[in-house]
There are 2 protein chains.
Amino acid sequence: MANIRALVFDVFGTVVDWRGGVAREAEKFLKRHAADALDPGVFADAWRARYQPAMEEMRSGRRPFTRLDVLHRENLEAILPEMGIDLEDVAEDELAALNLAWHRLDPWPDAVAGLQRLKRGFIIAPLSNGNVILMLDMAKRAGLPWDAILGAEVAGACKPSPQAYLRTVDILGMSPGEVMMVAAHNSDLAAARRCGLKTAFVARPREHGPEQTSDLVPLEDWDISVGSFLELAEALGV
Amino acid sequence: MANIRALVFDVFGTVVDWRGGVAREAEKFLKRHAADALDPGVFADAWRARYQPAMEEMRSGRRPFTRLDVLHRENLEAILPEMGIDLEDVAEDELAALNLAWHRLDPWPDAVAGLQRLKRGFIIAPLSNGNVILMLDMAKRAGLPWDAILGAEVAGACKPSPQAYLRTVDILGMSPGEVMMVAAHNSDLAAARRCGLKTAFVARPREHGPEQTSDLVPLEDWDISVGSFLELAEALGV
């Protein structure tokens, strides 16, 4: 642990509450389109459900690297008809504004204070599949004090491809054991561990709403397993 | 001007005093090697003089993109014999430590306060040919409050190639006119302007030491020409 020099973070679910944030903006949108019988949380889930299949297109090489902002937009246009909303009834600027909901997500209550503390001892940066300007807009609005914006766009590869982790480590000029991946998702940590990174699990039991069943507990003996970023700072001695 | 959303900065010479910082570390090194008859500022100049030729190897395509840390090391090994120091007499860890002098440069006196102020109104990021970990180490040590680390390594192209500017603008999800290049070098601003970026000249008349003759004044009608980052903040109304 004494060797760790940088902490890299999953963001959607680990640092910010994507479901709550997207639902908050979707609620107004659904009302405007007389679709407020729909639960905005379910709308957020449907939008997010198309995320992994879109990533898989890239990871498999069937599609070149594409920014998450572009994938979010495609996925939004795909789900609206499923929700009974005719795309023809939605103005372009309304679609563009709703797509930016992902730039305006709120951090979990401990995230900003925890990151500020961790930043004193380590380089801190997102290692997200979100693109740079998405991460930047989110950080400016929420006050996330990143030292740098790393991740899929900078590495040119999406998690959990090994290249996403290894290229990030290489850009940091470090060895994998000097970098710790922080995530609320066991699968992300498993992929990082296979690349030699240190791992920290932070439980986020409400990421998927009140009835979450996945990632409630650590599924491997991660280097650290905690319930908040403040506990992570404590465990790392900063 | 009202459209500007991001400010991107040249770093060596514009944000930090590379000559003074390298000379400070070289002085100790030269003493250890009984070469303290040499002016450490001249040593810094000789090291830096090999920077543009090394960049040109990449810009011309004769060499693939290579991190500045690697180029600095090659250039250091090239100048030591010229300075009368036998490479065989220098331990590997001493060379590595001296090479990191570029990670430990001090900001000009107005830089940190100016960036803190500019950060309130704009996304601020380096657009330097320095690599990411060089910029990160420098920022952590000096307290440079960047929102992100952009530049040659992220863009995969060196200034003043158009790709260095245009890919950075693209990563920011903006149009060129929404991004302002801030530099103490007229040539950097000229290249940025050709790509459609806005331009701000900040005079740094001691970058090359007391007898500087270049870049003392703006050579074109840049959008803004000032003498410090605080004046830049004033001019931008933040």
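What you are looking at is a predicted structure, and each value in this text was computed from that prediction instead of being measured.

The rules we used
In this numbering scheme, every chain counts its residues from 1 along its sequence in written order. As a convention, the first chain written is A and the first ligand written is 1, with the rest following in written order. Local features in this predicted model are restricted to residues whose pLDDT is 70 or higher, and side-chain atom pairs enter the listing and the counts only when it is 80 or higher, whereas totals over whole chains, interfaces and linings include all residues. Only hydrogens and water are removed before side-chain values are computed, so all heavy atoms of the structure are retained for them. The least-squares superposition of copies is restricted to C-alpha atoms, and to residues with a pLDDT of at least 70 in both copies. Note on definitions: a residue-residue contact is assigned when non-hydrogen atoms from the two residues lie within 4.5 Å. Summary of the burial criterion: residues with accessible area below 20% of their type's maximum are buried, those above 50% are exposed, and those between are partly exposed, where the area comes from a 1.4 Å probe applied to protein chains only. Counting from the N terminus, the helices are the DSSP runs of H or I reaching at least four residues and the strands are the DSSP runs of E reaching at least two. Two strands pair under a simple rule: DSSP has to find at least two bridges between them. Defined here as a combined quantity, buried area equals the accessible surface (1.4 Å probe) lost by two parts on assembly, summed across both. Definition used for salt bridges: Asp or Glu carboxyl oxygen within 4 Å of a side-chain nitrogen of Lys or Arg. Whenever two N or O atoms come within 3.5 Å, that pair is a polar contact, provided that in protein one can donate a hydrogen and the other can accept it, and provided that, for residues adjacent in sequence, both atoms are side-chain atoms. Take the residue count of a helix, subtract one, and multiply by 1.5 Å to get its expected span. Angles shown run from 0 to 180 degrees and are taken between the N-to-C directions of axes, each axis being a line fitted to C-alpha atoms and, for helices, limited to the stretch in contact. Working rule for angles: under 35 degrees goes down as roughly parallel, over 145 as roughly antiparallel, 65 to 115 as roughly perpendicular, anything else as oblique.

Visitor: Quick question: what am I supposed to make of the relation of the copies chain B and chain A here?
Guide: Each of the two copies of the chain can be brought onto the other by a rotation about an axis and a shift along it. Placing chain B over chain A gives an RMSD of 0.0 Å and needs a rotation angle of 180 degrees, together with 0.0 Å of translation along the axis. Viewed as a symmetry operation, the transformation between the two copies matches a two-fold axis. Closest approach to the rotation axis within chain B is made by the C-alpha atom of Ala-148 of chain B, at a distance of 2.3 Å. A symmetric contact is evident, with 100% of the interface residues of chain B recurring at the interface of chain A.

Visitor: Whenever I open this one, the pairing of strand 1 (residues 6-9) of chain A confuses me. Can you help?
Guide: Along a regular strand, successive side chains alternate from one face of the sheet to the other. Residue and element names in this part refer to chain A. Side-chain alternation along strand 1 places Ala-6 and Val-8 on one buried face and Leu-7 and Phe-9 on a second face that is also buried. Where strand 1 and strand 2 (residues 123-128) come together, 4 bridges link them in parallel fashion. From the neighbouring strand, Ala-6 faces strand 2, where its bridge partner is Ile-123. Where strand 1 and strand 4 (residues 179-183) come together, 4 bridges link them in parallel fashion.

Visitor: Hey, could you run me through the interface of chain B and chain A in this one?
Guide: Accessible area lost when the parts come together is the quantity often used to give the size of an interface. Counting residues at the interface gives 21 residues for chain B, matched by 21 residues for chain A. Carbon and sulfur atoms make up 59% of the area that chain B and chain A hide from each other, which totals about 1,700 Å². Taken as a group, Leu-136, Lys-140 and Ile-171 of chain B account for 30% of the area that chain B buries against chain A, more than any other trio of residues on that side. At the boundary of chain B and chain A, one finds 4 salt bridges. For Lys-140 of chain B, the salt bridge identified is with Asp-147 of chain A, shortest N-O distance 2.7 Å. Where chain B meets chain A, there are 8 residue pairs in polar contact (both at pLDDT 80 or more).

Visitor: Would you mind showing me how to read the environment of Ile-171 of chain A here?
Guide: Relative to the assigned elements, Ile-171 of chain A resides in helix 9 (residues 162-171). Along the chain, Ile-171 of chain A and Asp-86 of chain A lie 85 residues apart, while their C-alpha atoms are 45 Å from each other. Look past the residues within four positions of Ile-171 of chain A in its chain and what remains in contact with it is Leu-150 and Val-154 of chain A together with Arg-67, Val-132, Ile-133 and Glu-153 of chain B.

Visitor: Explain helix 4 (residues 68-82) of chain B to me, please; I cannot follow it from the model alone.
Guide: The periodicity of an α-helix, 3.6 residues per turn, causes residues three or four places apart in sequence to face the same way. All names here are of chain B. Look at helix 4: 21 Å from first C-alpha to last across 15 residues, which is about the 21 Å you get at 1.5 Å a residue. Considered for burial, the residues of helix 4 that qualify are Leu-68, Asp-69, Leu-71, His-72, Arg-73, Asn-75, Leu-76, Ile-79 and Leu-80. Buried positions along helix 4 lie against helix 1 (18-32), helix 2 (40-49), helix 3 (51-59), helix 5 (92-99) and helix 7 (132-142). At the C-terminal side of helix 4, Gly-84 shows a positive phi close to 80 degrees.

Visitor: In this structure, what is going on with the packing of helix 2 of chain B against helix 3 of chain B? I would like to understand it.
Guide: Packed helix pairs are specified by the crossing angle of their axes together with the interaxial distance, meaning the distance between the axes. All names here are of chain B. Between helix 2 and helix 3, whose axes approach to 5 Å, the crossing angle comes to 10 degrees. Considering their axes alone, helix 2 and helix 3 lie roughly parallel with respect to each other. Seen from helix 2, the contacting residues are Trp-47, Arg-48 and Ala-49; seen from helix 3, they are Tyr-51, Gln-52 and Pro-53.

Visitor: What exactly am I supposed to notice about the side chain of Gln-212 of chain B here?
Guide: Residue and element names in this part refer to chain B. Examined against the element boundaries, Gln-212 turns out to sit in the loop between strand 5 (198-202) and strand 6 (224-226). Owing to a relative accessible area of 9%, Gln-212 belongs among the buried residues under this scheme. At a separation of 3.3 Å, a polar atom in the side chain of Gln-212 contacts the main-chain carbonyl oxygen of Arg-204. Beyond its immediate chain neighbours, meaning those up to four positions away, Gln-212 contacts Arg-204, Pro-205, Arg-206 and Glu-207.

Visitor: Sorry, what's going on with the sheet that holds strand 1 (residues 6-9) of chain B here?
Guide: The pairing of strands in a sheet comes from backbone hydrogen bonds and takes either a parallel or an antiparallel form. Residues and elements named next belong to chain B. The sheet built from 6 strands is open, its strands ordered 3-2-1-4-5-6 with parallel pairing. Every other strand in the sheet has two partners, leaving strand 3 (150-151) and strand 6 as the edge strands with one partner each. Bridge count between strand 5 and strand 6: 3 bridges; the pairing is parallel. Opposite Ala-200, over in strand 6, you have Ile-224 as the bridge partner. Packed on one face of the sheet, helix 10 (residues 186-194) meets strand 4 (179-183) and strand 5 and runs near 165 degrees to strand 4.

Visitor: Would you explain helix 10 (residues 186-194) of chain A in this entry?
Guide: Residues and elements named next belong to chain A. Buried residues of helix 10: Asn-186, Asp-188, Leu-189, Ala-190, Ala-191 and Ala-192, and no others. Buried residues along helix 10 sit against helix 9, strand 4 and strand 5 (198-202). Two residues or fewer past helix 10, Gly-196 is found with a positive phi of approximately 95 degrees.

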